[in-house]
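Close look at the chain arrangement
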Amino acid sequence: MSQSRFPFMSLPTVTVDIERPSPAQLEEAAALPSSTLHEAAGKIGALPSAIKPVHPSFRICGAAVTVQSPPADNLWLHRAIVAAQPGDVLVVHVGGHYEAGYWGEVMSQAARARGLAGLVIDGCVRDGAILERFGFPVFARGLCIRGTGKDFDARGWINAPTLFGDVTVQPGDLIVGDTDGVVAIPRARIDEVLAKARQREEDEARIIERLAAGENSLDIYNWNR
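Attention here is on the structure that accompanies the text. Remember, it's a predicted structure, so these values are computed and weren't measured experimentally.

One pass over the full model with this rule turns up zero disulfides. Counting only cysteine sulfurs, Cys124 is the nearest neighbor of Cys144, a cysteine outside any disulfide, at a range of 5.5 Å.

Looking at the secondary structure, you find Phe139 in strand E6 (residues 138-140). Classification of Phe139 as buried rests on a relative accessible area of 0%.

Moving on, we come to the pattern of salt bridges. A full pass over the atoms with the stated rule returns 11 salt bridges. Put simply, Asp88 and Arg20 hold a salt bridge, and the shortest N to O gap is 2.8 Å. Residue Asp88 is located in strand E3 (residues 88-93), and its partner Arg20 is located in the segment before helix H1 (23-29); the two are separated by 68 residues in the primary sequence. For Asp88, a relative accessible area of 1% puts it in the buried group. On the basis of relative accessible area, Arg20 is assigned to the partly exposed category, the value being 27%. The partner of Asp122 in a salt bridge is Arg141, with the nearest N and O atoms 2.4 Å apart. With a gap of 19 residues between them, Asp122 in strand E4 (residues 118-122) and Arg141 in the loop between E6 and strand E7 (142-143) connect regions that are remote in the sequence. Classification of Asp122 as buried rests on a relative accessible area of 3%. The exposure class assigned to Arg141 is partly exposed, which follows from its relative accessible area of 29%. Each of Arg189, Glu192 and Lys196 takes part in a single network of salt bridges with overlapping partners.

For the rest of this paragraph, the subject is the pairing of strand E12 (residues 181-185). The element E12 is extensively covered by neighbouring structure, given that five of its five residues are classed as buried. By the alternation rule, side chains of E12 split into Gly181, Val183 and Ile185 and Val182 and Ala184, which are all buried. Here strand E11 (residues 174-178) runs beside E12; their pairing, made up of five bridges, is antiparallel. Bridge pairing links Ile175 to Ala184 in E12. Taking the residues that link successive antiparallel strands as the turn, the E11-E12 hairpin has two residues.

What counts and how
Residues numbered from 1 in each chain as written. Predicted model: local features only at pLDDT ≥ 70, side-chain atom pairs only at ≥ 80, totals over all residues. Heavy atoms only, no water. Disulfide = S-S within 2.5 Å. Helix = DSSP H or I, 4+ residues; strand = E, 2+ residues; numbered from the N terminus. Buried < 20%, exposed > 50% of the residue type's maximum accessible area, 1.4 Å probe, protein only. Salt bridge = Lys/Arg side-chain N within 4 Å of Asp/Glu carboxyl O. Pairing = 2+ DSSP bridges.

By themselves, these are just geometric observations and shouldn't be taken as functional.
Have a look at this one:
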């Protein structure tokens, strides 16, 4: 994509080229629950629990494109839509200013047209009923009707390490979200975590069978003492 057409891509706070999970890794991760991946990774990577899908049916899986946006301003989100690649998930921090709707129908259409996999924002969005019908996966703290500005002189970042609660999301990390919440898995650990997640799912399936057959959890886990 031409940087001359989009001058913001030449800014020192913007990185366009990042390493991403492989298609095979994404395909496998998409079938696993966020909680299983969190546990398999050693109980790391859980983003703030306030961030939930705008609609319960939404599920998200893709490579993180991190965005640090100025409070009450969504220009950097528009820029990130252009900078991201198909299959990416925008993972956005808004500086702790939650009383604004940073995203809505127009931006969902723009992101869907670019082939993005979804949005995770530590802030609010609006057009909730429309977003539900639209079907583009959006995970947010909630809904807010207040609008945002576009300050062309305000500093923002695309694809820099970004802190969400106690979790630092790196560009290219694996992002998976479902009704339980959102987890970020470091890219270098994806294969290890996927293997442990598969084993965990198999182990839990056997435990469910034993419970259904009449055993109890205290005996199964050797907690009966």
